[in-house]
Amino acid sequence: SRLAHTGYLIPLLAISLLFMAPLLVRPLAARDDGTGWRALGLRGQTVLNFAIASGEGEHMLYAETATGLWRYVAAEGADGDWESIDAGLPRNSLGGPALAAWRVVPGRARHIYALTGSGAFRQLYHTADGGGHWRSVGPAPGKPLHPALAILPGLRTPSDLILLATDTRLQR
């Protein structure tokens with residue numbers, strides 16, 4: 001009789017362990033997925049575009065998702081957090097920023113240009129503080145939904161050279 005109970009005990013323990021294994025392994029999986037890669041956040045969001053910028057003694061990580069433009073901020077040697085940086089930009093009908101393109105100015109980690117809207121409503125914006133405050137630079141040409149945008153930082157002049165690919169040409 002005692003052996004009969006033991007015969008059920010081993011399969012019961014095996015099944016219990018099978019169901020508990022994911023819960024026991026989960027804390028380890030959050031740190032490393034076995035490939036050496038580690039999650040940086042924005043969980044549940046699809047990253048559409050990202051940029052890593054260095055300059056002026058800083059390193060910044062920027063990402064665009066359907067819900068906005070984000071900046072990853074981390075203290076030296078610590079894990080960081082994502083901050084939304086698109087509050088000063090026009091919104092689309094779904095409430096997200098109406099981004100067509102954006103670029104970080106090379107060598108200036110906190111300077112970003114963002115192209116918003118489309119057609120006659122297209123505008124170019126600039127921030128010098130990593131997205132804290134945006135100012136309108138003015139209207140921008142072109143009809144493509146996501147045009148190519150390139151920035152050459154002003155080296156001998158105070159203004160940057162902004163290149164934008166429109167339907168049939170490259171404009172500055």
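Data block above holds the structure.
Below you will find a few notes about this structure. (Residues numbered from 1 in each chain as written. Predicted model: local features only at pLDDT ≥ 70, side-chain atom pairs only at ≥ 80, totals over all residues. Heavy atoms only, no water.)

Topologically, L99 is positioned in strand β5 (residues 99-104). Residue L99 is classed as buried on the basis of its relative accessible area, which comes to 11%. As a C-alpha pair, L99 and A66 span 33 residues in sequence and 9.5 Å in three-dimensional space. Setting aside chain neighbours within four positions, we find L99 in contact with E64, L69, L89, A114, L115, T116 and H146. (Helix = DSSP H or I, 4+ residues; strand = E, 2+ residues; numbered from the N terminus. Buried < 20%, exposed > 50% of the residue type's maximum accessible area, 1.4 Å probe, protein only. Contact = heavy atoms within 4.5 Å.)

By the element assignment, R71 lies in strand β3 (residues 68-73). Within the local environment of R71, its side chain forms a polar contact with the backbone oxygen of D129, the two atoms lying 3.5 Å apart. At 2.7 Å, the side chain of R71 forms a polar contact with the backbone oxygen of G130. If we skip the residues at most four places from it in the chain, R71 touches M60, L61, Y62, D81, W82, E83, I85, R110, D129, G130 and G131. (Polar contact = N/O pair within 3.5 Å; in protein donor to acceptor, adjacent residues only side chain to side chain.)

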